[in-house]
Each structure stands twice: as structure tokens, then as C-alpha cells.
Amino acid sequence: MSTERSIAGIARARGFASHEVFTRAFRRHFGTTPRAYRERGFREGGDAVVHAATSVAAAPCVGLYRMSILRRNIVDLDITLADQPSMEALVIRRRVARDAIAAALGEVLPAVFAFAQREAVALAGPPFTRYPEMGMGTVLLEAGFPVAAAPSGPLDDDLELLTIPAGPAAVTIHHGPYDTLPDTYAAIERWLDAEGHRAGGPPREIYLTDPGDHPDPATWQTQVIQPIAKGDRP
């Protein structure tokens, strides 16, 4: 859909034995042929380049994202205050035990990704997880992808269209494995207190690095966004 290469050429480049083998595999996964998928385009517009880049980055590893409750050392981060635009996203909401977050995301993100690909919904950015509630034993999470426009047809069971409002937020980049993310959240809490701000909405994690391309967890980057109460802005 986002390239002029022939379908046979794409099949060969991806290691398929023949065009026919590729077509059968594509139909099983997306419910349509590669040619029909390309001709259909996006149902509601969208940037094909952004969608293609997101799809390539996310497809191999959408089951790898996670957050744990491990506590490590205090970290020194560059935290800034930045206005965030509103965002529409396709998500699945789950309430899970803290030690089941990884397993939940391993199910949720592939399901959202597959729906978007099947229904020609243009992805507008990398996968993310939002945490409306974080209790001692369980968390409520919303995981999925930002989209260029709402799907025109019905959603699969459990899928929801979520609008995340615009507003100011504390923003930083977490470097390293996901199990040290709690250190970054703790650093953001300290920054909010020192700057006289209060949390004003659920935090979210945007997974910037594809673990499939960067197998060393030390190289992973995760953007953490903590909305703040608007009245707290100086």
C-alpha cells in the first residue's frame, strides 16, 4: 500500500518461496489478498508513510512491551513541561494484577494492531499504554495505537476508540529495560512536587524503540507522559 514494489518482489524480499505462498499467508492473517489490501487504501485517509513505518516497527514485537513494579536506584532524568495535542487511539482496556501486565500487553497490542491492519485504519504513531488506575495489587490499563481517524465500521469486541485530551504534561525519556520504568515514575513524582505541580490525568508510556531491531534492553527508549493539572501551570 505504501510502496510501488511488485507484490512478487515483496514476497521474495521477505523470504517467501513464491508469490502464491505469500498471498495465502497474507490472506490468513488479514482476511484479504495483498493486491486488494493495496487497492483498498485507508478507509478514512491517513499518512501512508507514518502508517508503514509504525507497522514495520511494531509488527515483530508488539508482545514485548511491559511495566513491572520492581524498584531500583534513583535516576536522574531530563524532565520538561510540554503541551500535548489531543489524540485518538484504538485501545483495549484491561484490569490486571501488576505481575500480569506483560502477559496482558502481549495479548492486547497484537489484537489492536491486527484490527487496524485488517480494517485499513491508518496508524499515527507507535504503541502505547495508559494507566487510568494504578492500585497496590492491580492496574487498569488502556493499550493500543494512535490512529489518523476513527474506523468507519464496527469495532471488534473489547476494542474502544479513546480520545486523549490535549493539555500540559511532564515529559521525559526513559532509557533502558521496562522493568526499571517505576524509577522514572518516581523521578517524575519528585519533579512535580519540586515544581509545584499536581498530576492531572493518567500517565502513559509510548514505546519508541523496537526491541526486534534493538535486542539490548539498555538501548530501549520509552517516552513517559504525565499530564498535570492545568491550574498548576506557572
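A few points on the structure. In every chain, residue numbers begin from 1 and rise along the written sequence. The predicted nature of this model means local features are confined to residues of pLDDT at least 70 and side-chain atom pairs, given and counted, to a pLDDT of 80 or more, with totals for whole chains, interfaces and linings taken over all residues. To obtain the side-chain values, all non-hydrogen atoms of the structure were included, while hydrogens and water were left out.

### Quick look at the packing of aromatic side chains
Put simply, the rule reads: A pair of Phe, Tyr and Trp rings is counted when the ring centres sit within 6.5 Å of each other, with Trp represented by its six-membered ring. The angle between the planes then sorts it: under 30 degrees is stacked, over 60 is edge-to-face, the rest tilted. A run of H or I in DSSP counts as a helix once it spans at least four residues, and a run of E counts as a strand once it spans at least two, with each numbered from the N terminus. Three labels apply to residues, based on accessible area from a 1.4 Å probe with only protein chains included: buried if under 20% of the type maximum, exposed if over 50%, partly exposed otherwise in between.
Summed over all chains, the structure comprises three aromatic pairs. Between Tyr178 and Tyr207, the ring centres sit 5.6 Å apart and the planes meet at 75°, which makes this aromatic pair edge-to-face. Highlighted residues: Tyr178 in the loop between β6 (167-175) and α6 (181-195) and Tyr207 in strand β7 (residues 204-207), separated in sequence by 29 residues. By relative accessible area, Tyr178 is classed as buried at 3%. Tyr207 sits in the buried class, given a relative accessible area of 1%. Within the aromatic cluster, the residues linked to one another by ring pairs are Tyr178, Tyr207 and Trp220.

### Here we look at the nonpolar core
In plain terms, the rule: Nonpolar cores are built from buried Ala, Val, Leu, Ile, Met, Phe, Trp, Tyr and Cys residues. Side-chain atoms within 4.5 Å join them into one set. Pairs of residues are marked as contacts when any of their non-hydrogen atoms sit within 4.5 Å.
Ranked by size, the top nonpolar core spans 33 residues in total, and within it Leu90, Ile101, Leu105, Tyr131 and Leu141 carry the most contacts. For this core, the elements supplying multiple residues, two or more each, are β2 (87-97), α5 (101-118), β4 (138-146) and α6. The biggest single contributor to this core is α5, with nine residues. Setting aside chain neighbours within four positions, we find Leu141 in contact with Ile92, Arg93, Arg94, Val96, Ile101, Ala104, Leu105, Thr129, Arg130, Tyr131 and Pro132. Counting residues in each nonpolar core, the second largest holds ten residues, with Ala89, Val91, Phe128 and Ile164 among its members.

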